[in-house]
Amino acid sequence: MTQRPLLTELTLRVRAEAHSRDPAACPCGVATLADRPDATVVRHADTVAKAHAPDTAPADLAPRLTMAAHLPGILLPPLHATHVDLHGRLVTFWPYGEPVDPENPDAAPWEPAAALLARLHRTPAPVGTPPMRGPAKAALAVGRLLATTRRGHAVPVLRAWLTLPGWARAETPMSDTRTLCHGDLHLGQLVRHPAPDGPWRLIDVDDLGVGEPAWDMARPAAWYACGLLSPDDWFRFLDAYRAAGGPAVPADGDPWPALDVAARALTVQTAARAIVKAIEADRTLDDVEQAVVDACDRMGSAPPQLADGFAK
């Protein structure tokens, strides 16, 4: 949980912002949409305020906000193209969008998500765009796993991590420095704006940047490979991306050579996070979490001396 002063002040700020835009904004309370160490998000009426992760640098956030403001047909634009400082955190303000309904998987917008992604990937990246942060977030997840445990379920995850090339572990630069990527694509990153039935838009610019576009396809690809996403949904997504001219995969034929590394990296990241959450909650892995760890076990093995070190 975040520090209480931050959440209290953020609540006051989002209410003030909402009423400055619409003096007749509802008198209801502020809803906390997320309160995690890496993000606190609150909503009042049609206004959302987000406190970004403590290590977010203004020099990195500023160009991402600018891109969101200039790509309103793809990304949800911020209410202001600048941030404010609050209790040592960078805070931005956004219009509210209606999220994907997690209780209605049959209505998941796979085709709109793929079309938006393809449009983003085809958009020229402005000069000075920072690198996409996907591999760095995967490395953070593995680092947290190492700090928590090196036993049991962690061993196959760490072995799978060591099979990945340096760029996927954020140890070397990505070779693609021109393609604009979201960096953390999943269905939770889509909203309808205006709510509740406007066009779909991508949200969350924290990881936006230039890099390997396959990374944005990797989470659905990993779910498909792990048996957690149906073939029908996967091919809805893949076919729509190809139809929209997305450059991450060939226009036809087997897409997996282009997606394999990123999909394996996202599998490791997901498994690492799952194990840490389970340890912190003092519980066993659920079936979905276990399926992702099992996929890591199938992905390969590290040299024996490294595996022995992890298990000690």
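The structure we're discussing is the one just above.
Just so it is clear, the structure is predicted and the values come from calculations on it, not from any experiment.

Asks: Go over the overall build of the protein chain with me, naming the residues and quoting the values.
Replies: Summing up its helical and strand segments, the protein chain has ten helices and ten strands in all. Computed over its C-alpha atoms, the radius of gyration of the protein chain comes to 20 Å, within 12% of the 20 Å expected for a compact globule of 312 residues. For the C-alpha atoms alone, the extent of the protein chain along its principal axes is close to 65 × 45 × 40 Å. The 312 residues of the protein chain split such that 49% are buried. Across the protein chain, contacts joining residues at least 24 apart in sequence account for 71% of those joining residues at least 6 apart. Counting only carbon and sulfur atoms, one obtains 55% of the accessible surface of the protein chain, whose full area is about 14500 Å². Distance between charge centres in the protein chain, computed from 30 positive and 37 negative side chains, equals 4 Å.

Asks: Residues and numbers for the environment of A53, please.
Replies: Tracing the backbone through its elements, the reader meets A53 in the loop between strand 3 (47-51) and helix 2 (58-70). Placed 14 residues apart in sequence, A53 and A39 show a C-alpha to C-alpha distance of 5.3 Å. The contact partners of A53, leaving out residues within four places of it in the chain, are D38 and R89.

Asks: So, the sheet that holds strand 8 (residues 190-192): which residues are in play, and what are the values?
Replies: Overall, antiparallel pairing links the three strands, which are arranged 6-8-9 in an open sheet. Bordering the open sheet on either side are strand 6 (98-99) and strand 9 (200-202), each of which pairs with just one other strand. Together, strand 8 and strand 9 form the strand contacts of helix 3 (residues 110-122), whose direction differs from that of strand 9 by roughly 50 degrees.

Asks: Hey, could you go over the packing of aromatic side chains for me, with residue numbers and the actual values?
Replies: Counting across every chain of the model gives six aromatic pairs. For the pair W110 and F237, a centre-to-centre distance of 5.7 Å together with 75 degrees between the ring planes defines the contact as edge-to-face. Of the two residues, W110 is situated in helix 3 and F237 in helix 7 (residues 231-243); the sequence distance between them amounts to 127 residues. Summarising the aromatic geometry, the rings of W167 and W215 are spaced 6.1 Å apart at their centres and angled 65 degrees between planes, so their arrangement reads as edge-to-face. With W167 in the loop between helix 5 (154-162) and strand 7 (180-181) and W215 in helix 6 (residues 214-225), this residue pair connects regions lying 48 residues apart in the sequence. Following the ring pairs from residue to residue traces out a cluster consisting of W110, Y224, W234, F235, F237 and W256. The ring of Y96 is capped by R43, whose NZ or CZ atom sits 3.5 Å from the centre of that ring.

Asks: For unusual backbone geometry, give the residues involved together with the corresponding values.
Replies: With an omega dihedral of 0 degrees, the bond running from H193 to P194 counts as a cis peptide bond. Tracing the backbone shows P194 in the loop between strand 8 and strand 9. Following A195, the chain continues to P196 via a peptide bond in cis, the omega torsion being 5 degrees. As for its position among the elements, P196 is in the loop between strand 8 and strand 9. In this structure, H87 is a non-glycine residue whose phi angle is positive, near 50 degrees. Counting through the fold element by element, H87 comes out in the loop between strand 4 (84-86) and strand 5 (89-95).

Asks: How would you explain helix 1 (residues 4-21) if you had to name every residue and give the values?
Replies: Here helix 1 contains 18 residues, and its C-alpha end-to-end distance of 26 Å stays within 8% of the 26 Å for a straight helix at 1.5 Å per residue. On its buried face, helix 1 sits against strand 1 (31-36), strand 2 (39-44), strand 3, strand 4 and strand 5.

Asks: Give a detailed account of the side chain of H182, specifying residues and quantitative values.
Replies: Positionally, H182 belongs in the loop between strand 7 and strand 8. Given a relative accessible area of 1%, H182 falls into the buried group. Contact partners of H182, with chain neighbours within four places excluded, come to L120, Q189, L202, I203, D204, D207, L208 and D216.

Conventions used here
Residues numbered from 1 in each chain as written. Predicted model: local features only at pLDDT ≥ 70, side-chain atom pairs only at ≥ 80, totals over all residues. Heavy atoms only, no water. Helix = DSSP H or I, 4+ residues; strand = E, 2+ residues; numbered from the N terminus. Rg over C-alpha atoms; globule rule 2.2 N^0.38 Å. Buried < 20%, exposed > 50% of the residue type's maximum accessible area, 1.4 Å probe, protein only. Contact = heavy atoms within 4.5 Å. Areas by Shrake-Rupley, 256 points an atom, 1.4 Å probe, with all protein chains shown as cover. Lys, Arg positive; Asp, Glu negative; His and termini not counted. Charge placed at Lys NZ, Arg CZ, Asp CG, Glu CD. Pairing = 2+ DSSP bridges. Axes fitted to C-alpha atoms, helices over the stretch in contact; angles between N-to-C directions. Phe/Tyr/Trp six-rings, centres within 6.5 Å; stacked < 30°, edge-to-face > 60°. Lys NZ or Arg CZ within 6 Å of the ring centre and 35° of its normal. Expected span 1.5 Å × (residues − 1).

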